[in-house]
Amino acid sequence: MADGSMTEEKIDFSVIDAIARKHSVERGAVIPILQEVQDTLGYVPKAVIQRIADDIDVPASEIYGIVTFYAQFRLEPLGKYLIKVCHGTACHLCGAEMVADTIAQVTGAKEGATSEDKLFTVERVACLGCCSLAPCIMINGDTHGRLTPESIDKTMQEIRKKEAASAG
Ligand code: FES
């Protein structure tokens, strides 16, 4: 799985061609192609949509429609930290909206978006399986529970500090 650091300028289109060739023998191959492209690049860049369209002779608008219809596909690279905000029943009752609002304030990214500094991507998800810790989120696979605006702010500031320190 790519880390999302591959920008559109650095895409090796021969990789896209190979993926398209591999799947184009199947009928209705667009979804498997898009899945493999996303696994390879971390997202489906717009430039790649056109390339796939040319490779398999399907209109780009049709492929774009599929990418935007299915929530599994992303048109933008992921931020370094993927924050999954739980909106399952327990978290909903315990303040999931407060959590989402606070994260949007502190990171600058609403659900479904990536912060301008590309540090945070925020996603809305159903139950994370740790309801007793509601409201909770997951950051790059680590669970954070019993959240308050203060604890969310503290966690995000710690991430920013860590990133600033590693940037030198
Ligand atoms: S509802 Fe949020 S973890 Fe279950």
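Note that the structure is a prediction, hence the values are computed from the model and not measured. Counting restarts for each chain: residues are numbered from 1 in the order of the written sequence. Note on the predicted model: pLDDT of at least 70 is required for a residue's local features to be given, and 80 or more for side-chain atom pairs to be given and counted; whole-chain, interface and lining totals, by contrast, use all residues. Note that water and hydrogens are dropped before the side-chain values are worked out from all heavy atoms of the structure.

As a further point, take the sheet that holds strand β5 (residues 142–144). Should DSSP find at least two bridges between two strands, the strands are taken to pair. To qualify as a helix, a DSSP run of H or I must reach at least 4 residues; to qualify as a strand, a run of E must reach at least 2; elements of each kind are numbered from the N terminus. Ordered by their spatial adjacency, five strands build an open sheet running β2-β3-β1-β4-β5, and the pairing between neighbours is mixed. Taken across any chain shown, the strands that pair with only one partner, and hence form the sheet edges, are β2 (113–114) and β5. Of the pairings in the sheet, the one linking β2 to strand β3 (residues 120–125) comprises two bridges and is antiparallel in character. When the sheet's bridge partners are listed, Ala113 is paired in β3 with Val122. Seen against the sheet, helix α6 (residues 96–107) touches β1 (81–86), β3 and β4 (137–139) and runs at an angle of roughly 155° to β1. In what follows, residue pairs with any heavy atoms lying within 4.5 Å of each other are defined as contacts. The angle between two axes is taken between their N-to-C directions and runs from 0 to 180 degrees, where each axis is a line fitted to C-alpha atoms and a helix contributes only its stretch in contact.

For the domains described, the bounds stem from an automatic or database domain assignment. One can read the domain layout of the protein as domain 1 (8–69) and domain 2 (81–166). Here domain 1 and domain 2 have C-alpha centroids that lie 31 Å from each other.

Covalently bonding the sulfur atom of one cysteine to the sulfur atom of another cysteine gives a disulfide. When the sulfur atoms of two cysteines come within 2.5 Å, that pair is taken as a disulfide. According to the stated counting rule, one finds zero disulfides in the structure shown. As a non-bridged cysteine, Cys130 has Cys136 as the owner of its nearest cysteine sulfur, 3.5 Å distant. Here the term buried applies to any residue with accessible area under 20% of the maximum for its type, exposed to any over 50%, and partly exposed to those in between, with areas from a 1.4 Å probe on protein chains only. Cys136 sits in the buried class, given a relative accessible area of 2%.

With that settled, consider the layout of surface pockets. Put simply, the largest pocket is a space of about 310 Å³. Every residue lining the largest pocket is counted, 15 residues in all, and those nearest its centre are Arg74, Gly112, Ala113, Thr121 and Glu123. Elements represented by at least two residues in the lining of the largest pocket include exactly β2 and β3. No other element matches the four residues that β3 contributes to the lining of the largest pocket. When residues are grouped by polarity, Ala, Val, Leu, Ile, Met, Phe, Trp, Tyr, Cys and Pro land in nonpolar, Asp, Glu, Lys and Arg in charged, and all others, Gly among them, in polar. Looking at the lining of the largest pocket residue by residue, the class counts come to six nonpolar, four polar and five charged. The rule is simple: put a 1 Å grid over the protein atoms alone, call a set of points where a 1.4 Å probe fits but cannot get out a cavity, call an open set with protein on both sides within 12 Å along at least five of seven lines a pocket, and count a residue as lining if it has an atom within 4 Å of a point. Grid points are joined across faces, edges and corners, and a volume is the space filled by probe spheres set on the points.

The subject of this paragraph is the nonpolar core. Side-chain atoms within 4.5 Å are what join buried Ala, Val, Leu, Ile, Met, Phe, Trp, Tyr and Cys residues into a set we call a nonpolar core. Grouped together as the largest cluster of nonpolar side chains are 22 residues, with contacts concentrated most on Ile33, Leu34, Val37, Ile52, Ile63 and Val67. Of all elements in the fold, only α1 (13–23), α2 (30–41), α3 (46–56) and α4 (60–69) reach the threshold of two or more residues within this core. Not counting chain neighbours up to four residues away, the residues in contact with Ile52 comprise Ile16, Ile33, Leu34, Val37, Asp57 and Ile63. Residues Val85, Ala100, Ile103 and Ala109 belong to the second largest nonpolar core, which totals 17 residues.

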